[in-house]
Amino acid sequence: MERETPGRLFWHRFRRNRLAITGAMIVILLFFFAALAPYISPYDIGDINTKNALQAPSRDHLLGTDQLGRDVLSRMIWGSRISLLVGFVAVGIAIVIGTFLGALAGFYGKWVDNVIMRFVDIMLCFPTFFLILAVIAILEPNIWNIMIVIGVTSWMGVTRLVRAEFLSLKERDFVRAASATGAKNSRIIFLHILPNALSPIWVSATLGVAAAILTESALSFLGIGVQPPTPSWGNILTAGKDNIEIAWWLSLYPGLAILITVLGYNLLGEGIRDAIDPRLTAS
Amino acid sequence: MIPLLLGITLISFMVIHLAPGAPTGLQTDLNPKITAEARARLEKIYGLDKPLHTQYLLWLKRLIVLDLGNSFSMDGRPVTDKIIERIPITILINALSMFLIILIAVPIGVISASYQDSFFDKFTTVFVFVGFAVPTFWLALLLMILFGVNLGWLPISGLKSLNYEYLPAFGMIMDRAKHLILPIFVSAFGGLAGLSRYTRSNMLEVIRQDDIMTARSKGLKERVVIFKHALRNALLPVITILGLSVPGLIGGSVIFETIFAIPGMGQLFYMSVMARDYPVIMGILVIGAVLTLLGNLIADISYALADPRIKIAK
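Residues numbered from 1 in each chain as written. Chains lettered and ligands numbered in written order. Predicted model: local features only at pLDDT ≥ 70, side-chain atom pairs only at ≥ 80, totals over all residues. Heavy atoms only, no water.

A.B. asks: Can you tell me about the overall build of chain A, naming the residues and giving the values?
C.D. replies: Along its length, chain A carries 13 helices and zero strands. Counting from the amino terminus, helix and strand elements in chain A follow one another as α-α-α-α-α-α-α-α-α-α-α-α-α. Over its C-alpha atoms, taken along the principal directions, chain A stretches across nearly 75 × 55 × 30 Å. Among the 283 residues that make up chain A, the fraction classed as buried is 49%. Within chain A, counting contacts between residues at least 6 apart in sequence, those at least 24 apart form 70% of the total. Here chain A displays about 13,600 Å² of accessible surface, and carbon together with sulfur accounts for 64% of that area. Here chain A carries 23 positive and 19 negative side-chain charges, and the mean point of each set is 10 Å from the other. (Helix = DSSP H or I, 4+ residues; strand = E, 2+ residues; numbered from the N terminus. Buried < 20%, exposed > 50% of the residue type's maximum accessible area, 1.4 Å probe, protein only. Contact = heavy atoms within 4.5 Å. Areas by Shrake-Rupley, 256 points an atom, 1.4 Å probe, with all protein chains shown as cover. Lys, Arg positive; Asp, Glu negative; His and termini not counted. Charge placed at Lys NZ, Arg CZ, Asp CG, Glu CD.)

Here it is in structure tokens:
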């Protein structure tokens, strides 16, 4: 018999969950598309050929061409890089801010907790999309600003999660033992409590990537996200709206790509949650 | 309440003012002949020459009397007027879509919980996952292509047809309804998945509790058990979720109002963002947040009214 480590237990539960495996496969596949974009795109994404504009899907152009005659499939493959980048960087920012503030609030309690949690309440009052739009329009709309703004406006959930973990963990014996041996607060926070508080963070990070990708695509669609000629799924859809009467393929496929990607990350996130702690499952 | 409101105004103010790029930039950058003197005069008109905290206090003082200043745009109208004339349509659409969400999502949640693992339950679970992942603006595009372009059943933009004024009263109502169907459906769609999932998991939890077991073992009909005993308990937390979904709905109005060209608050916000119309942006940010706060308050109060265990402190 092999020893049942938490990692093995996790993998054992995860493997049996068909939906979670599907999600993981989608995510891995997308990584491949993004990494191999220059090799697998059938055409150059900057190849403007107005004679070829708005061609319906055919054998030459599997997903048709856009208003400048560029190959939609190739642009979508390159667009997967943008989604991946925005998703991961934005979530990274949100996790760092959220974990830091949540740890402070949960560990120190009292007025620190009060100030931080009131700040969370205030931030949660804003329709996030309004806040993002306002900031993006004032800064320049480019991919870096988008990632920062999405990250800075989506850390509140993580803060609440981490705070709750810290509140319960700081009363546990191993933490008391550490502080009895005279460990510094920073050591207790980062070395003793944080590693034990990580599992809910993984789940919310995975789901967060999905949310960030959705937000980026909406911003790019509105013309205040990733700017052309850089291809993103959102800004291909803008072309779809402009040519809605003639070119259905410009609207259909990029949206399908967003749908599948977001679905993949959501399935993966739920799968991780179930595998970490089956009791948390919302049946 | 009050500290939250103050926090909201402070953050809105900081968001707009700590960012680089003066609102006078748009007018001056486009005109290379403008002198430094003229630029200073413009800044003075907008009060941008004063220190930030003074600007904030002045703005706050005017906010209390609902004076949000004048728009930077050509018309220069008071921000309050501009927003107020656009709020009704946004609230109408959001209220109707909230109604639609409750009407569809709650029964779905209840039925799939009552018949756990049935075909219906599995089907709705898939629907929920897909529903979470669908970008609403894409859904809007597809529906426009299907119903507007291909079938020609529904108009794809605006609130009324060109001949609206000449229609009989009934025709006017029908015309308005036709224009609103797609926007309402699209804005409701995002909430459907969440609420039905939430209702289902609440219902499942409630069904397993002792009082439901008791009701069943008394020999009550399943219908009575579900609808009389379980449903009431399961619906309570749903009220809170509805309150929490208000910011999402309001934020989403930017997207669908822009797509369907509906002259509401969301579209005004989008246009102001594009034009860097700071007073309007600030005004809508604050109003959006206050509406959210109100939504939560209403949810809290209805929760207290619906749940006899909670007494409102006097």
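A.B. asks: Residue-level account of the confidence of the model for chain B, with values.
C.D. replies: Residue and element names in this part refer to chain B. Scored by pLDDT, chain B has a mean of 79; 88% of the residues are at 70 or more. The least confident element of chain B, judged by mean pLDDT, is helix 2 (residues 24–29) at 54; the most confident is helix 13 (residues 265–275) at 88. Interface confidence for the predicted complex, expressed as ipTM, amounts to 0.84; the pTM equals 0.86. (pLDDT = per-residue confidence, 0-100.)

A.B. asks: Give me the lowdown on the interface of chain A and chain B, citing residues and values where you can.
C.D. replies: On the side of chain B, 49 residues touch chain A, which itself brings 42 residues to the contact. Both sides together, the interface formed by chain A and chain B hides about 4,000 Å², and carbon and sulfur atoms give 83% of it. Counting the surface chain A buries against chain B, the share from its top three residues, Cys125, Phe130 and Ile138 of chain A, is 19%. Summed over the shared surface of chain A and chain B, the number is zero salt bridges. One can count four residue pairs in polar contact (both at pLDDT 80 or more) joining chain A with chain B. The set of elements that each furnish at least two residues to the side of chain A that touches chain B consists of helix 5 (110–125), helix 6 (128–138), helix 11 (198–221), helix 12 (233–242) and helix 13 (248–276) of chain A. A per-element tally of the side of chain A that touches chain B places helix 13 of chain A first, with 12 residues. Of the residues contributing to the side of chain A that touches chain B, the split by class is 32 nonpolar, five polar and five charged. (Buried area = accessible area lost by both parts, 1.4 Å probe. Salt bridge = Lys/Arg side-chain N within 4 Å of Asp/Glu carboxyl O. Polar contact = N/O pair within 3.5 Å; in protein donor to acceptor, adjacent residues only side chain to side chain. Nonpolar A, V, L, I, M, F, W, Y, C, P; charged D, E, K, R; others polar.)

A.B. asks: I'd like to hear about the side chain of Thr80 of chain B, residue by residue, with values.
C.D. replies: Residues and elements named next belong to chain B. Inspection of the secondary structure puts Thr80 in helix 5 (residues 79–84). Under the relative-accessibility criterion, Thr80 is labelled buried at 15%. Among residues more than four places away in sequence, those in contact with Thr80 are Leu66, Asp67 and Leu68.

A.B. asks: Can you tell me about the packing of helix 6 (residues 87–114) of chain B against helix 7 (residues 119–133) of chain B, naming the residues and giving the values?
C.D. replies: All names here are of chain B. Orientation of helix 6 relative to helix 7, taken along the N-to-C sense of each, is 130°, at an axis distance of 8 Å. In this view, helix 6 runs oblique relative to helix 7, as classed from their interaxial angle. In terms of crossing hand, the pair formed by helix 6 and helix 7 is left-handed. The segment helix 6 lies against helix 7, with Ile108, Ile111 and Ser112 engaging Phe120, Asp121 and Thr124. Counted by class, the contact of helix 6 with helix 7 contains three nonpolar, two polar and one charged residues. (Axes fitted to C-alpha atoms, helices over the stretch in contact; angles between N-to-C directions. Parallel < 35°, antiparallel > 145°, perpendicular 65-115°, else oblique. Left-handed = near helix turned anticlockwise from the far one by under 90°.)

A.B. asks: I'd like a rundown of the nonpolar core, residues and numbers included.
C.D. replies: Judged by nonpolar contacts, the single largest core of 168 residues is most densely connected at Phe166 of chain A together with Ile16, Met203 and Phe269 of chain B. If sequence neighbours within four positions are ignored, Phe166 of chain A has contacts with Ala103, Gly106, Phe107, Ile189, Ile193, Leu194 and Ala197 of chain A. (Core = buried A, V, L, I, M, F, W, Y, C linked by side-chain atoms within 4.5 Å.)

A.B. asks: Could you give an account of the packing of aromatic side chains, with specific residues and numbers?
C.D. replies: The full count for this structure, using the stated rule, is 13 aromatic pairs over all chains. Both rings, one in Phe88 of chain A and one in Tyr265 of chain A, keep their centres 6.4 Å apart while their planes meet at 70°; by these two values the pair is edge-to-face. With Phe88 of chain A in helix 4 (residues 72–108) and Tyr265 of chain A in helix 13, this residue pair connects regions lying 177 residues apart in the sequence. Residue classification places Phe88 of chain A among the partly exposed positions, given a relative accessible area of 40%. Between Phe127 of chain B and Phe189 of chain B the ring centres are 6.0 Å apart and the planes differ by 85°, which places this aromatic pair in the edge-to-face class. Here Phe127 of chain B is found in helix 7, whereas its partner Phe189 of chain B is found in helix 9 (residues 169–207), with 62 residues between them in sequence. Of the residues examined, Phe127 of chain B reaches a relative accessible area of 26% and is grouped as partly exposed. Relative accessible area serves as the criterion here: at 10%, Phe189 of chain B is assigned to the buried category. (Phe/Tyr/Trp six-rings, centres within 6.5 Å; stacked < 30°, edge-to-face > 60°.)

A.B. asks: Explain the packing of helix 6 of chain A against helix 12 (residues 246–259) of chain B to me, using residue names and the numbers behind them.
C.D. replies: With their axes 6 Å apart at the nearest point, helix 6 of chain A and helix 12 of chain B run at an angle of 55° to one another. By the criterion of interaxial angle, the relationship of helix 6 of chain A to helix 12 of chain B is oblique. Within the contact between the two elements, helix 6 of chain A uses Phe129, Phe130 and Leu133 of chain A and helix 12 of chain B uses Ile250, Gly251, Val254 and Ile255 of chain B. For the contact of helix 6 of chain A with helix 12 of chain B, the residue count by class is six nonpolar, one polar and no charged.

A.B. asks: Which residues make up the pattern of salt bridges, and what values go with them?
C.D. replies: All names here are of chain A. All chains considered together, the criterion is met by seven salt bridges over all chains. A salt bridge links Arg273 to Glu270; the nearest nitrogen and oxygen atoms lie 3.5 Å apart. Of this pair, Arg273 and Glu270 both sit in helix 13, three residues apart, which is roughly one turn of that helix. Overall, the relative accessible area of 26% leaves Arg273 in the partly exposed class. Residues participating in the shared-partner salt-bridge network are Arg118, Asp121 and Arg160.

A.B. asks: Let's hear about empty space enclosed by the protein: which residues, and what values?
C.D. replies: Residues and elements named next belong to chain B. Per the counting criterion, the structure on display carries two cavities of 30 Å³ or more. Its volume calculated, the largest cavity comes out at about 50 Å³. Lining the largest cavity are Ile108, Gly109, Ser112, Thr124, Thr125, Val128, Ser196, Arg197 and Arg200. Of all the secondary-structure elements, those providing two or more residues to the lining of the largest cavity are helix 6, helix 7 and helix 9. The residue inventory of the lining of the largest cavity, partitioned by class, reads two nonpolar, five polar and two charged. Empty space within the second largest cavity amounts to approximately 30 Å³. In terms of lining residues, the second largest cavity is bounded by Pro155, Ile156, Ser157, Gly158, His179, Leu182, Pro183 and Phe260. Residue composition of the lining of the second largest cavity, grouped by class: five nonpolar, three polar and no charged. (1 Å grid on protein atoms, 1.4 Å probe; cavity = no way out; pocket = protein on both sides within 12 Å on 5 of 7 lines; lining within 4 Å. Points joined across faces, edges and corners; volume = space filled by probe spheres on them.)

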